[in-house]
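Okay, here's what each chain looks like letter by letter:
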Amino acid sequence: MSLNDFLKDYRNLDFDARDNGVVIVTLNRPDKRNALDVATIDELVDFFGGAHRTGVRAVVLAGAGDHFCAGLDLVEHWKADRSPDDFMHVCLRWHEAFNKMEYGGVPVIAALKGAVVGGGLELASAAHVRVMDQSTYFALPEGQRGIFTGGGATIRVSDLIGKSRMIDMILMGRIYQGQQAVDLGLAQYITEGSSLEMAIELADKAAANLPLTNFAICSAVSHLNNMSAMDAAYAEAVVAGVVNTQPAARARLEAFANKTGKRIRPNAE
């Protein structure tokens, strides 16, 4: 299937496919602050499930309007009056979508602005790189709503900032923003300008890497972190054996050996 055919027939996601294989994916429910309903989660599953095999080199995940994502569509949830079994399967579908992001092997750079709240933070935490602007704020308000996280906050947000801080966020409704959010690990980059523009720059850089190398970085690292130290060491050696001997890498290694490749220099002061 071609990339253009793959990107057809989505309603809640908009796409801008660039010539270098970068695809800008925009949550397009701005009137709902891009809250995640069942239909949007289904589209995320479909897109991230097929991104790698359709030639996507990197993804920028953004939100339409003033906010990235306000989390679970609470109105849909309230109206559905779901049974415990129903909502358990909704949560499992969320996990399917976010696992396809994290483990799919395609770099995902989230361009954050405004609300990154509840399920929106769970979505953002499944991205490999997060860029925030000055309007961005992070929160887990489930405690105040009488509900509990169901899309991976106890896993990924805890991994980013630690169990105690995650509990504090959901228990107290604590909000993080600005440099403090970066220092805690909720985002890796903060910009005075557009988070989307910076995210695109980073995606362009990632897309210039070899696809197999990116697949290892954006899939194997997460798998390795789920293993015991001894199993991870073995699996890392196997992955390195495959990636570090790929024919496409030889030209880059030759450029390094001949001192014609790009040099690694410290950032300018």
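You'll find the structure just up there.
Residues numbered from 1 in each chain as written. Predicted model: local features only at pLDDT ≥ 70, side-chain atom pairs only at ≥ 80, totals over all residues. Heavy atoms only, no water.

## Some words on the side chain of Ser-158
Here Ser-158 lies in helix 7 (residues 153-161). Owing to a relative accessible area of 14%, Ser-158 belongs among the buried residues under this scheme. With residues near it in sequence (within four places) discarded, Ser-158 still touches Ala-153, Lys-163 and Met-166. (Helix = DSSP H or I, 4+ residues; strand = E, 2+ residues; numbered from the N terminus. Buried < 20%, exposed > 50% of the residue type's maximum accessible area, 1.4 Å probe, protein only. Contact = heavy atoms within 4.5 Å.)

## Let's talk about the sheet that holds strand 7 (residues 137-139)
Across the sheet, three strands lie side by side as 5-7-8; this open sheet has mixed pairing. In this open sheet, the two edge strands, each paired with only one partner strand, are strand 5 (115-117) and strand 8 (175-177). With strand direction ignored, the average angle separating the axes of adjacent strands in the sheet is 20°. Relative to strand 7, strand 5 runs parallel, the two being bridged by three bridges. In the strand pairing of strand 7, Val-116 is matched with Phe-138. (Pairing = 2+ DSSP bridges. Axes fitted to C-alpha atoms, helices over the stretch in contact; angles between N-to-C directions.)

## Re the packing of aromatic side chains
This structure, assessed with the given rule, holds six aromatic pairs. Centre to centre, the rings of Phe-6 and Phe-47 are 5.8 Å apart; their planes meet at 25°, and the pair counts as stacked. Of this pair, Phe-6 sits in helix 1 (residues 3-6) while Phe-47 sits in helix 2 (residues 38-50); the two residues are 41 residues apart in sequence, bridging distant segments of the chain. Grouping residues by exposure puts Phe-6 and Phe-47 together as buried. Measuring from centroid to centroid gives 5.0 Å for Phe-47 and Phe-48, while their planes differ by 80°, and the two rings are edge-to-face. Assigned by exposure class, Phe-47 and Phe-48 land together as buried. Taken together, Phe-6, Tyr-10, Phe-15, Phe-47 and Phe-48 form an aromatic cluster joined through their ring pairs. (Phe/Tyr/Trp six-rings, centres within 6.5 Å; stacked < 30°, edge-to-face > 60°.)

## Focus: the pattern of salt bridges
Evaluated as defined, the whole model comprises nine salt bridges. With its nearest N and O atoms 3.6 Å apart, the salt bridge here joins Arg-29 to Asp-37. Both residues of the pair, Arg-29 and Asp-37, belong to the buried class. Among the salt bridges present, the one from Glu-76 reaches Arg-82, with a minimum N-O distance of 3.4 Å. (Salt bridge = Lys/Arg side-chain N within 4 Å of Asp/Glu carboxyl O.)

## Regarding helix 7
Along helix 7, the residues classified as buried are Ala-153, Arg-156, Val-157, Ser-158 and Ile-161. Considering only its buried residues, helix 7 is in contact with helix 4 (84-103), helix 5 (119-125), helix 8 (163-172) and helix 9 (178-184). In the segment just after helix 7, Gly-162 is the residue with positive phi, at about 100°.

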